Number of protein chains: 2
Amino acid sequence: MVGYFTEANSAETVNARMGEGISPRLRQVMAALVTHLHAFAKEVALTDAEWAFAIDFLTKTGQMCSEERQEFILLSDVLGLSMLVDAINNRRPAGATENTVFGPFHVEGAPVREMGDSITRDGKGERCLYTGRVIDLAGAPIAGVRIDVWSDNAEGFYSVQQPGIQDKWNNRGVFVTGADGAYSFIGIKPVSYPIPDDGPVGQMLRALGRHPRRPAHMHFLVTARGYQRLVTHTFVGDDPYLASDAVFGVKASLIAPFERTPDGPATWRSAFDFVLTPLA
Amino acid sequence: MVGYFTEANSAETVNARMGEGISPRLRQVMAALVTHLHAFAKEVALTDAEWAFAIDFLTKTGQMCSEERQEFILLSDVLGLSMLVDAINNRRPAGATENTVFGPFHVEGAPVREMGDSITRDGKGERCLYTGRVIDLAGAPIAGVRIDVWSDNAEGFYSVQQPGIQDKWNNRGVFVTGADGAYSFIGIKPVSYPIPDDGPVGQMLRALGRHPRRPAHMHFLVTARGYQRLVTHTFVGDDPYLASDAVFGVKASLIAPFERTPDGPATWRSAFDFVLTPLA
């Protein structure tokens, strides 16, 4: 007796079709995907019209993608999947600095600068001194750490979003720690901005009664030999969107102080230490 | 205390972000979608590389879509989702003819023909007489039923797949029943064929150790005032792919006899009655 597809056995029938000798990991991932996909459709009794809407939505999402735009990553971001995958793959011991989403705006190859240098080239925004140390879980400084930083400009745009308007390396730079593990540089106090919301993902957010904004943050990619790669932000502590980041990137431990410093080299000062986790 | 996103509370945090006053059905569907999506990622501990592969796969699937090709419907089909949605939305009483997938190859507006006419214009394939009645659950004939039929040609292609090679209405036609509810027409004994497998979905099938073939079938769209719309196929009973239809469309009740008829107007004869379900 052949087990034809029925509503009751649907996921099992699909999964039983996988061939022998395929990758065991692929088998595991696909079986779980099909099981959850079918359970979802059954749980809500998905209608033909809803199915057709979903097909159209996914098609438009794919067709919105280009060299400059990745709408499926945006979709993953606003559904919390990007942060979830990041969390699953970056569980860290207490005291270690936590990861958050990488985001689509990093550019490889930013210029290596001297400690204390400014990364801001457009002269816009409120100057902020970023300072602190990179240390290990015991509090010892780590030398030779590469700190790659980037932020939006004072108008809420990353340089890659405005080619020809912003310099490619505006608000970007790489700093390398010395024996004391210390870092310092001048950037701007970043501003909150909306994720690109003129596509299917923006439409979805509006239908869900959600706004597209991210709270202001400075990006850090912190890498050192022998330690886990740290991809994180520091968030401006008084941002009104901290509790409603469109991509769920905020963690309490990443909210940094931003203090006015009337006498310093900048208007603001944000001190934050990065605690790296050793490789297993 | 703000409930920031964590691995443990991920789906609840995303779902809590939905605004007041949105469509209750949208809220229900999205909450279930997010819950299952996150449960899937946690269950398999989805890696960064797997996530990135999925983003790329979905992007390519969207970009494969065109006026002539709907790769996301193909994806839904091979994952059994299309058949599941069809099953959920077309639960029928015992004795009623069952639905199966509509497929992408129907063309609206096929010519209405006289009972007994041939729908085959290219002269290829083995001629088959399709015959039977359209009846209600009590066995009474239904008059004025519109029977829209279509199949591939003897080489396994639907006319819409070969514009300029096949006539648009090759192996297509509409028949309307009289008082006896009877229908008859001559088509070909259809042949099995692969779904389009030169895109991401074909790649996926190969990775899963699955073939892309559908068992041979004749499509029927049967509509009558006062009855549920019937979208179905009859399958050629001796087809080697009946137990492994790439899109899971086969139901035991839809496997039809195809008998040799040395003396008739055709080489084959396939008798099948369609039993319609009244509208609720």
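Just so it is clear, the model here is predicted, and its values are computed rather than measured.

Q: Summarise the sheet that holds strand β9 (residues 255-256) of chain B; cite the residues concerned and give the values.
A: The strands that make up a sheet are held in pairs by hydrogen bonds between backbone atoms, and each pair lies either parallel or antiparallel. All names here are of chain B. One open sheet holds the five strands; their spatial order is β3-β2-β7-β8-β9, and the pairing between them is mixed. Pairing within the sheet leaves two strands with one partner each, and these edge strands are β3 (172-176) and β9. Sheet topology places strand β2 (residues 146-150) next to strand β7 (residues 217-223); five bridges connect them, and they run antiparallel. The partner of Asp148 across the bridge, within β7, is Leu221.

Q: Any details on the relation of the copies chain A and chain B? Residues and values, ideally.
A: Under the fitted operation, chain A is carried onto chain B by 0.0 Å of movement along the axis and a turn of 180 degrees, and the coordinates agree to an RMSD of 0.0 Å. In symmetry terms, the pair is related by a two-fold rotation axis. Taking C-alpha positions as the reference, the residue of chain A nearest the rotation axis is Gly62 of chain A, at 2.0 Å. A shared interface surface links the copies, since 100% of the contact residues of chain A are contact residues in chain B too.

Q: So what's going on with the side chain of Thr100 of chain A? Residues and values would help.
A: For Thr100 of chain A, the position within the fold is in the loop between α5 (81-89) and β1 (127-135). Thr100 of chain A has contacts with Met83, Asp86, Val231, Thr232, His233, Gly249 and Leu254 of chain A, leaving out every residue within four places of it along the chain.

Q: Could you give an account of the interface of chain A and chain B, with specific residues and numbers?
A: At the interface, 70 residues of chain A touch 70 residues of chain B. Looking at the side of chain A facing chain B, the largest losses of area belong to Tyr4, Phe5 and Arg17 of chain A, adding up to 11% of the total buried there. For the interface between chain A and chain B, the tally reads four salt bridges. In this structure, the salt-bridge partner of Glu7 of chain B is Arg91 of chain A, at a minimum N-O distance of 2.6 Å. Counting every contact that joins chain A to chain B gives 29 residue pairs in polar contact (both at pLDDT 80 or more).

Q: Outline the environment of His211 of chain B, listing residues and values.
A: Residues and elements named next belong to chain B. With respect to the helices, strands and loops of the structure, His211 is situated in the loop between α6 (200-207) and β6 (213-214). Sequence spacing of His211 and Ala271 is 60 residues, and the spatial spacing of their C-alpha atoms is 30 Å. Not counting the four nearest positions on each side in its chain, His211 is found in contact with Leu205, Tyr241, Ser244 and Ala246. One polar contact links the side chain of His211 to the main-chain amide nitrogen of Arg213, over a distance of 2.9 Å. At 2.7 Å, the side chain of His211 and the side chain of Ser244 are in polar contact.

Q: Can you explain the sheet that holds strand β2 (residues 146-150) of chain A? Please cite residues and give values.
A: All names here are of chain A. Ordered by their spatial adjacency, five strands build an open sheet running β3-β2-β7-β8-β9, and the pairing between neighbours is mixed. Looking at the sheet topology across the chains shown, the edges are occupied by β3 (172-176) and β9 (255-256). The pairing of β2 with β3 spans five bridges and is classified as antiparallel. Bridging from a neighbouring strand, Val149 pairs with Gly173 of β3.

Rules behind the numbers
Residues numbered from 1 in each chain as written. Chains lettered and ligands numbered in written order. Predicted model: local features only at pLDDT ≥ 70, side-chain atom pairs only at ≥ 80, totals over all residues. Heavy atoms only, no water. Pairing = 2+ DSSP bridges. Helix = DSSP H or I, 4+ residues; strand = E, 2+ residues; numbered from the N terminus. Least-squares fit on C-alpha atoms with pLDDT ≥ 70 in both. Contact = heavy atoms within 4.5 Å. Buried area = accessible area lost by both parts, 1.4 Å probe. Salt bridge = Lys/Arg side-chain N within 4 Å of Asp/Glu carboxyl O. Polar contact = N/O pair within 3.5 Å; in protein donor to acceptor, adjacent residues only side chain to side chain.

Shape is all these values report; function is a separate question.
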